[in-house]
Amino acid sequence: MSGWTVSLHDRIAAIPAAEWDACAGEGNPFVSHAFLSAVEDSGSATPSTGWLPRHVALNDESGRLVAVAPAYLKAHSYGEYVFDHGWARAFEAAGGNYYPKLQVAVPFSPVPGPRLLLKPDAPSGTLSVLGQALVQVCGEMDLSSAHVTFCTEAEYERLGQDGWLQRLGLQYHWHNRGYQDFEGFLEALSSRKRKAIRRERRDANACGLVFRTVRGSEITEALWDAFFVFYQSTVDKKWGSAYLTRSFFSLLSERLGDRVVLMIAEHEGKPVAGALNLLGADTLYGRNWGCVGEWPFLHFELCYYRAIDFAIENGLSRVEAGAQGEHKIQRGYVPSLTYSVHHIQHTGLRHAVSEFLEVERAGMLSEMIALGELSPYRVEKT
């Protein structure tokens, strides 16, 4: 790394938005300065919540900023969705300190995308140099490990070649095959799956609900108030502790504008459910959802089917509907691999994790094949 300069920043605002976004690009809103600043400024990802910002900036030999990475010192493993709690327990049982660790990630967002952000004209080899910088930070700060989660396949391959441990995960994404409308999508499915989706949509739309899609400045504070209640309801049912504060959602539409897409269901003029999405260059990213009351198939309608409607209408390539959910397959969302890489400082822990990941990767690839057999799409006869 001779001639390169690495600096750490304790808030995203310390790096000019234009410089950061020149590295991040416009394809994925989650790595934008606007999104990351909303997470910090709202009090969602802060030292008090166990996320201590240590954003990495890399300058080349001429002193020009050529790469950045959203990075945090973590005092726990919550809000990451690539689970290493078992690694932490094993290391601490052996007398080690797993925390703090360095986490290169988008807080509370299991959304695949670039994590090591390079300017388009960055010198050849910059990706590896940035990876080396993360290893250097680990050593100099006496951290147990560094983790780059939900990264791109290219980052996974490059850092894997540089010695980082590789991990695979699974999500379910919908891909646009040039459909003209939702009926065109349905025609690509087997008859049984097509009928099931039509029935679900019919029942969801027969409950007296009115559906609306609002974006950016169209989202009023009253709608955000309602959505925050929905969000908290979902959190209470699943996790018990909300990661995101109420102000985060207001900052989101203020800073990301029309890239914020909120799908609302109303009953008798009152919002009863909502699904929050962010719009990328060619992808709609489903994030949070919630509702009050019981409504048949409302989750599928609001989070999956209306997302597909939006993607087709706007010519998007795919919909990524978040983590987990094998039930998404029968609704047209197919298994897709996700990627992460891990640097472990301690030799013994590194060896144990490496062996675990080797077995896990094989199992994940086998699961991909098995899940592929559940595809709802018609197989064209040759």
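As a reminder, the structure under discussion sits directly above these lines.
In what follows, the accompanying structure is described. (Residues numbered from 1 in each chain as written. Predicted model: local features only at pLDDT ≥ 70, side-chain atom pairs only at ≥ 80, totals over all residues. Heavy atoms only, no water.)

**What about the overall build of the protein?**
Right, so step 1: Along its length, the protein carries 11 helices and 15 strands.
Right, so step 2: What you see for the protein is a C-alpha radius of gyration of 22 Å, in line with the 21 Å of a compact globule of 382 residues.
Right, so step 3: Based on the C-alpha atoms only, the size of the protein along its principal axes is roughly 65 × 50 × 45 Å.
Right, so step 4: By residue count, 55% of the 382 residues in the protein fall in the buried class. (Helix = DSSP H or I, 4+ residues; strand = E, 2+ residues; numbered from the N terminus. Rg over C-alpha atoms; globule rule 2.2 N^0.38 Å. Buried < 20%, exposed > 50% of the residue type's maximum accessible area, 1.4 Å probe, protein only.)

**A word on the layout of surface pockets**
Right, so step 1: Roughly 350 Å³ of internal volume is contained in the second largest pocket.
Right, so step 2: As for the second largest pocket, its lining consists of 16 residues, and the residues nearest its centre are Y81, V82, F83, G169 and L170.
Right, so step 3: Taken together, the elements giving at least two residues each to the lining of the second largest pocket come down to β9 (165–175), β15 (334–344) and α11 (347–372).
Right, so step 4: A per-element tally of the lining of the second largest pocket places β9 first, with five residues.
Right, so step 5: When grouped by side-chain class, the residues that make up the lining of the second largest pocket number nine nonpolar, five polar and two charged. (1 Å grid on protein atoms, 1.4 Å probe; cavity = no way out; pocket = protein on both sides within 12 Å on 5 of 7 lines; lining within 4 Å. Points joined across faces, edges and corners; volume = space filled by probe spheres on them. Nonpolar A, V, L, I, M, F, W, Y, C, P; charged D, E, K, R; others polar.)

**Describing the sheet that holds strand β1 (residues 5–9)**
Right, so step 1: One open sheet accounts for four strands, arranged β1-β3-β4-β7; its pairing is antiparallel. Sheet topology places β1 and β7 (117–118) at the edges, where each strand pairs with a single neighbour.
Right, so step 2: Examined bridge by bridge, strand β4 (residues 65–69) and β7 share two bridges and lie antiparallel to one another. Opposite V68, over in β7, you have L117 as the bridge partner. (Pairing = 2+ DSSP bridges.)

**Side note on helix α3 (residues 85–93)**
Right, so step 1: For α3, the full list of buried residues reads W87, A88 and F91. An end-on view of α3 places all buried positions within 100° of arc, on one side of the element. Exposed positions of α3 whose direction lies more than 90 degrees from the buried face are R89 and A93.
Right, so step 2: Where α3 is buried, its residues touch β8 (145–151), β9, β15 and α11.
Right, so step 3: In the segment just after α3, G95 is the residue with positive phi, at about 100°. (Arc of directions from axis to C-beta. Contact = heavy atoms within 4.5 Å.)

**Details of the pattern of salt bridges**
Right, so step 1: Under the criterion given, the structure shown has 21 salt bridges.
Right, so step 2: Here D60 ties to R64 by a salt bridge, and the two come within 3.7 Å at their closest N and O atoms.
Right, so step 3: By relative accessible area, D60 is classed as buried at 9%.
Right, so step 4: By relative accessible area, which is 29% here, R64 ends up partly exposed.
Right, so step 5: In this structure, E187 and R198 form a salt bridge, with 3.7 Å as the shortest nitrogen-oxygen distance. One end of the pair, E187, is in helix α6 (residues 182–187); the other, R198, is in helix α7 (residues 191–204), with 11 residues separating them in the sequence. (Salt bridge = Lys/Arg side-chain N within 4 Å of Asp/Glu carboxyl O.)

**Quick word on helix α4 (residues 126–140)**
Right, so step 1: For α4, which comprises 15 residues, the first-to-last C-alpha distance of 21 Å matches the rise-based estimate of 21 Å (1.5 Å per residue) to within 8%.
Right, so step 2: Within the sequence span of α4, burial applies to T126, L127, S128, V129, L130, G131, A133, L134, V137 and C138.
Right, so step 3: Phi for D142, located one or two positions after α4, is positive at around 55°. (Expected span 1.5 Å × (residues − 1).)

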